[in-house]
Structure formats: structure tokens, C-alpha cells
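Residue-level structure breakdown
For reference, the chains in residue letters:
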Amino acid sequence: MRPLIPAFVLMAALAGPAMAKDVVVGNLTLSDASARASLGKAPNSAAYLTIRNSGKADDTLTGAECACATKVEIHDMTHEGGVMRMFEIPGGLKVPAGQTVKLARGGKHIMLFGLKAPLKAGTQQPITLIFEKAGRVKVTFPVQDLSASPAKAPAGGAHHGH
């Protein structure tokens, strides 16, 4: 007689990478959170998520904090003359009423500078997001190996020297 595989083991194996739970605070829904696993000994990484504002008033993501990094900034990217340029968004990231803002590779993102230890795929990283109106919101970001899908990576590779 063959031993039975417990259902929870089978379900975990089929589930794939850990998915972050949606976080709802006031009129904001935070979903699709993920952080990039460290690339070698690179001291920096990035985190991404989707922010939906179902309210009637704008909000602003003014900053973020993470025990894993010495500094955290909200960034955007531009492509000028074939060169990718990353910069901190002055005043924070506006989240207009009734709209969704996506932080994703090749665009807006949360930059983690001075990692205290490499971020390892398969782990989870808590990051506190700071909103002008919604306040401080702790979100768990599953750490994923995002280097496996180069088609999604911006030209020149994301965050190698950043």
C-alpha cells in the first residue's frame, strides 16, 4: 500500500511562489506585492506592488521603511536617448482618487538601498509604506527571483548599479 501524501503538502507544491495577501486600509487596496531577490552581492534591490484608491480623495505614498535596508526611496524611471535613468519621485507618489497605480519593473518602484543582508527568493520581507492620508501600512513582500524573466526586465537590466 502506498502512503498518502497529505493534501496540504500537495496543495503547497502546486501553489508555486508565495503570494502576498491584499492589504486594505481605508480606501486603499495594496496588492501584488513582491520584492526582487538580491543579484549576487548587489547592495540594493527593489519592491513592487499595485495600489488601488477606491475613495473620492487623492492620497500620496510619501515614503517607506524596511529593517532590511539603510535607506528606502520611492523611485521612477525614464528612458532618454537609449539610456535608462532612475530617480526619487519628489514629494512622493500620487495615488489619485478612483485610480490604480502600479509599481513594476521598468517603471515606478520602491528602492531598497544598503541591504543589511541579501534578499533570498522564497522568503518574505516586511516593508512599512507611509501614506499622507492612510498613514503607516505594513505590507509583507514575498521575495522572488525576478532575473528568470528577462523579457520583463528593462533594457540594460534593472538596478545593477543603482
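Presented here is an overview of the structure given in this document. (Residues numbered from 1 in each chain as written. Predicted model: local features only at pLDDT ≥ 70, side-chain atom pairs only at ≥ 80, totals over all residues. Heavy atoms only, no water.)

Structural notes on the overall build of the protein chain
Across its full length, the protein chain holds one helix and eleven strands. Listing every helix and strand of the protein chain by position from the N terminus yields α-β-β-β-β-β-β-β-β-β-β-β. Across the 162 residues in the protein chain, those meeting the buried criterion constitute 41%. Long-range pairs, those at least 24 residues apart, make up 68% of the contacts in the protein chain with a sequence separation of at least 6. Put simply, the protein chain shows about 9200 Å² of open surface, and 57% of that area lies on carbon and sulfur atoms. (Helix = DSSP H or I, 4+ residues; strand = E, 2+ residues; numbered from the N terminus. Buried < 20%, exposed > 50% of the residue type's maximum accessible area, 1.4 Å probe, protein only. Contact = heavy atoms within 4.5 Å. Areas by Shrake-Rupley, 256 points an atom, 1.4 Å probe, with all protein chains shown as cover.)

Observations regarding the packing of aromatic side chains
A complete count under the given rule lists zero aromatic pairs for this structure. When the ring centre of Phe113 is taken as reference, the NZ or CZ atom of Lys71 above it lies at 5.2 Å. (Phe/Tyr/Trp six-rings, centres within 6.5 Å; stacked < 30°, edge-to-face > 60°. Lys NZ or Arg CZ within 6 Å of the ring centre and 35° of its normal.)

Examining the state of the cysteines
One pass over the structure, following the stated rule, counts one disulfide. Note that Cys66 is cross-linked by a disulfide to Cys68, the S-S spacing being 2.5 Å. Torsion about the S-S bond of the Cys66 and Cys68 cystine: about 120°, corresponding to right-handed handedness. Side by side, Cys66 and Cys68 carry an identical accessibility label, which is buried. (Disulfide = S-S within 2.5 Å.)

Considering the pattern of salt bridges
The full count for this structure, using the stated rule, is four salt bridges. With its nearest N and O atoms 2.4 Å apart, the salt bridge here joins Arg136 to Glu65. With Arg136 in strand S11 (residues 135–144) and Glu65 in strand S4 (residues 59–65), this residue pair connects regions lying 71 residues apart in the sequence. Note on Arg136: relative accessible area 52%, which makes it exposed. Among the ionic pairs, Arg85 bridges to Glu80, the shortest N-O distance being 3.9 Å. For Arg85, a relative accessible area of 42% corresponds to the partly exposed category. (Salt bridge = Lys/Arg side-chain N within 4 Å of Asp/Glu carboxyl O.)

Concerning unusual backbone geometry
Unlike most non-glycine residues, Asp32 shows phi in positive territory, near 55°. In this fold, Asp32 is placed in strand S2 (residues 28–36). The exposure class of Asp32 is partly exposed, given its relative accessible area of 46%.

What to know about the pairing of S4
Counting buried residues in S4 gives five out of seven residues, a clear majority hidden from the surface. The sheet contact formed by S4 and strand S7 (residues 93–95) spans three bridges and is antiparallel. Within S7, the position partnered with Thr60 by the bridge is Lys94. (Pairing = 2+ DSSP bridges.)

Considerations on the pairing of S2
Extensive coverage of S2 is indicated by the burial of eight of its nine residues. As paired elements, strand S1 (residues 23–25) and S2 share three bridges and run antiparallel to each other. Its bridge partner lying in S2, Val25 is registered against Leu28. Hairpin connection from S1 to S2: two residues lie between these consecutive antiparallel strands, with Gly26 at a positive phi of about 60°. Of the pairings in the sheet, the one linking S2 to strand S3 (residues 45–53) comprises six bridges and is antiparallel in character. Along S3, the bridge assignment pairs Leu30 with Ile51. Pairing analysis gives two bridges linking S2 to S11, with the strands arranged parallel. Opposite Ala35, over in S11, you have Val143 as the bridge partner.

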